[in-house]
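# Secondary and tertiary structure notes
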Amino acid sequence: MSPIDSWDGATAVFTGAGSTALQVLFVLIAFAMLVGFLAKMVLHERHAYAQMIAHEPVEAGPAVEGEPSVY
Amino acid sequence: MTPEDTLAAMEAVITDLFYWVSIALMVAIHAGFLAYEVGASRSKNVLAAAMKNLLTFAVVIATFFFFGWWFYYAFPAFPFGGIDFSGAAAYLPWGEEMGPRTDSVNGIFWGAFALFAATTGSIMSGAVLERIRTSAFLVLTTLLGSVVWIIGAAWAWHGNGWMLTEWGWHDFGAAGCVHLIAGAFTLGVLLNLGPRIGRFVDGKAVTIPPHNLPLTMLGLMMIFIGFFGFLMGCVVYTNTGYFSIFGNATTLSAIAFSTLMGLAGGIIGAYVSSKGEPFWTISGGLAGVISVAPGMDLYHPALAFVVATVGGSLIPYLGRLIERFGIDDVVGAVTVHGGCAFYGIVVSGFLLWGYPNVADLPGITPMGQIGGAVVLAVLGFVPGYLVSLGLKKAGMLRIPPEVELAGLDLSEVPAEAYPESIGTAGQPAIL
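If you check an unreviewed UniProt entry, chain B appears there as Ammonium transporter from Nocardioides vastitatis. The heading Subcellular location (unreviewed entry) in the UniProt record of chain B holds the text "Membrane". Check the Sequence similarities (unreviewed entry) section of the UniProt entry for chain B; it says "Belongs to the ammonia transporter channel (TC 1.A.11.2) family."

For the rest of this paragraph, the subject is helix 8 (residues 213-233) of chain B. Residues and elements named next belong to chain B. The first and last C-alpha atoms of helix 8 sit 30 Å apart over 21 residues, in line with the 30 Å expected at 1.5 Å per residue. At G226, helix 8 shows its maximal bend, which comes to roughly 25 degrees. Taken as a whole, helix 8 has its buried residues at T216, G219, L220, I223, F224, G226, F227, G229, F230, L231, M232 and G233. Here the buried face of helix 8 lies against helix 1 (3-40), helix 4 (106-125), helix 7 (175-193), helix 9 (252-274) and helix 10 (278-292).

A word on the interface of chain B and chain A. At the junction of the two partners, chain B supplies 36 residues and chain A supplies 31 residues. Carbon and sulfur atoms make up 72% of the surface buried where chain B meets chain A, a total of about 2900 Å² over both sides. Looking only at chain B, the three residues that lose the most surface to chain A are F66, W94 and L410 of chain B, adding up to 20% of its buried area. Where chain B meets chain A, there are zero salt bridges. The interface formed by chain B and chain A includes five residue pairs in polar contact (both at pLDDT 80 or more). The element that contributes the greatest number of residues to the side of chain B that touches chain A is helix 2 (residues 46-74) of chain B, accounting for six residues. A class-by-class count of the residues in the side of chain B that touches chain A yields 19 nonpolar, nine polar and eight charged.

The next point concerns a nonpolar patch on the surface. Residues V139, F342, V374, V378, V382, L386 and V387 of chain B make up a contiguous nonpolar surface patch of roughly 510 Å² in combined accessible area. Tracing the backbone through its elements, the reader meets V374 of chain B in helix 13 (residues 366-393).

A separate point is the packing of helix 5 (residues 134-156) of chain B against helix 13 of chain B. Residue and element names in this part refer to chain B. Axis separation between helix 5 and helix 13 bottoms out at 10 Å; the angle between their running directions is 160 degrees. Taken together, the axes of helix 5 and helix 13 lie roughly antiparallel to each other. For the crossing formed where helix 5 meets helix 13, the hand is right-handed. Across the interface between the two elements, A136, L140, L143, V148, I151, G152, W155 and A156 from helix 5 touch V375, L376, L379, G380, P383, V387, S388 and L391 from helix 13.

Residue and element names in this part refer to chain B. F64, F113, W149, W157 and F230 are the most contacted members of the largest nonpolar core, which has 124 residues in total. Counting residues per element, this core draws most heavily on helix 5, which supplies 15 residues. The residues contacting F113, other than those within four sequence positions of it, are F64, W69, Y72, W149, I150 and W157. Counting residues in hydrophobic clusters, the runner-up holds nine residues, among them A48, I399, V403 and V413.

Now for the environment of S313 of chain B. All names here are of chain B. Residue position: S313 is located in helix 11 (residues 301-324). A residue is classified by how much of its surface remains accessible, and S313, at 21% relative accessible area, is partly exposed. Placed 40 residues apart in sequence, S313 and S273 show a C-alpha to C-alpha distance of 5.1 Å. For S313, the contacting residues outside a window of four places in its chain are G269, A270 and S273.

The subject of this paragraph is helix 7 of chain B. Residues and elements named next belong to chain B. Helix length check: helix 7 (19 residues) gives 25 Å between terminal C-alpha atoms against 27 Å at 1.5 Å per residue, within 8%. A maximum bend of about 25 degrees is found in helix 7 at I181. For helix 7, the buried fraction is high: 17 of the 19 residues fall into the buried class. Positive backbone phi, at 80 degrees, marks G194, one or two positions downstream of helix 7.

All names here are of chain B. Its location among the elements puts T119 in helix 4. What makes T119 buried here is its relative accessible area of 4%. At 2.8 Å, the side chain of T119 forms a polar contact with the backbone oxygen of L115. Excluding residues that lie within four positions of it along the chain, T119 makes contacts with I29, H30, F33 and F230.

Conventions and cut-offs
- Residues numbered from 1 in each chain as written.
- Chains lettered and ligands numbered in written order.
- Predicted model: local features only at pLDDT ≥ 70, side-chain atom pairs only at ≥ 80, totals over all residues.
- Heavy atoms only, no water.
- UniProt positions renumbered as here; feature names shortened; annotations may be inferred.
- Helix = DSSP H or I, 4+ residues; strand = E, 2+ residues; numbered from the N terminus.
- Expected span 1.5 Å × (residues − 1).
- Bend = angle between axes of the 7 residues up to and from the residue.
- Buried < 20%, exposed > 50% of the residue type's maximum accessible area, 1.4 Å probe, protein only.
- Contact = heavy atoms within 4.5 Å.
- Buried area = accessible area lost by both parts, 1.4 Å probe.
- Salt bridge = Lys/Arg side-chain N within 4 Å of Asp/Glu carboxyl O.
- Polar contact = N/O pair within 3.5 Å; in protein donor to acceptor, adjacent residues only side chain to side chain.
- Nonpolar A, V, L, I, M, F, W, Y, C, P; charged D, E, K, R; others polar.
- Patch = residues over 30% accessible without salt bridge, like charges linked within 9 Å, V, L, I, M, F, W, Y side chains within 5 Å.
- Areas by Shrake-Rupley, 256 points an atom, 1.4 Å probe, with all protein chains shown as cover.
- Axes fitted to C-alpha atoms, helices over the stretch in contact; angles between N-to-C directions.
- Parallel < 35°, antiparallel > 145°, perpendicular 65-115°, else oblique.
- Left-handed = near helix turned anticlockwise from the far one by under 90°.
- Core = buried A, V, L, I, M, F, W, Y, C linked by side-chain atoms within 4.5 Å.

As structure tokens, then:
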């Protein structure tokens, strides 16, 4: 992925420099990961609130160290 | 290497180093906000408050790379002129300036502005404590930190911004684009979010005390440290001297006078008007610096002290005024940031009246400053109100009442803040 063959006179040295398609690809993947994080957070919140209201543990299995007890 | 090449290389190195230090110091603002909000929360919500601050930092910085920085270069003339698509193309996330180069220091300027963005997004954080969904907050803080404030900065904190070129606007320390926009945006969100359960009973305000006021005070002291990085980043460093963003010559010495006298005046003013109440007294330091921010490159230090003392003395009254409308602003963000920024900008219009701007740009006037303050307040309030209203209608803004009563740490955060004392479920967590 190197955009340069030599450091002599090199200016843009980042991966994908000179290839808009490659840089757009990097950005799209990174942005999709951010959107995925937000979606995962919404699901986690919904699940956690429902479990708490039902007096059930938020996560299955024995409580890990430091995890709060069931409400 | 010619002497000219050597000088150019040294300028790039010192510019990099100057803003690198500014960025590092600004991280202290976020450590401060975290401690401040953790202390202001009840013990059942402390870890959720801390996580919200941590995630704000991460999400705003990432989104500021994806689209925030582009707005700064695209919007200075808009709506009087067009959006500068071609000039801003290099600052799209796949643009030629948005990665490591040997011939550009754009990254360090992006970094400093990313920290300004995260700071702006975090200002709202404390106001909405203990009842907002973290996911909704992250959507709102992204809008505030990576879209709204940076459009305000393009208008009001840019050498070609229309508020400078048309109205002679002057705001050295970003009172308008950071503090006023954040305060107005927060007010719009609070109107839709509503108060915490138990905050108002039969229309009367009930105080919900913070679980750790000393931690809140320590957090504000850390924000004071971070302010030196923030204000350092407000200076344009060149190899021929320092300039404000508006192009006038200044020095860090000028800013040292105003920052310290602003801190001192704000604390004293708030102490007197709150009758020594610790929360308002230490918030007075913040209020003082924000009050003097528009003219801190020009005020005489004693005048800065006077402006800051009045600003600090206003905040307990502004806080009570907001409370009368049934608005629950947990940390006084609307009051301290929005209220004191508006006051500071209006006062600067009269105190700085007649100062010229550089080249043929119009000079500073009361109408230019007041008009600019109104524009920035509207720019902050409208998107904050509308987007939070949309989230409210979709049932995505506020946590369920059962969760609010039991505490967020019990459901959302898989850890106990104080396991050796009372657990979040009400019983000793460790026997």
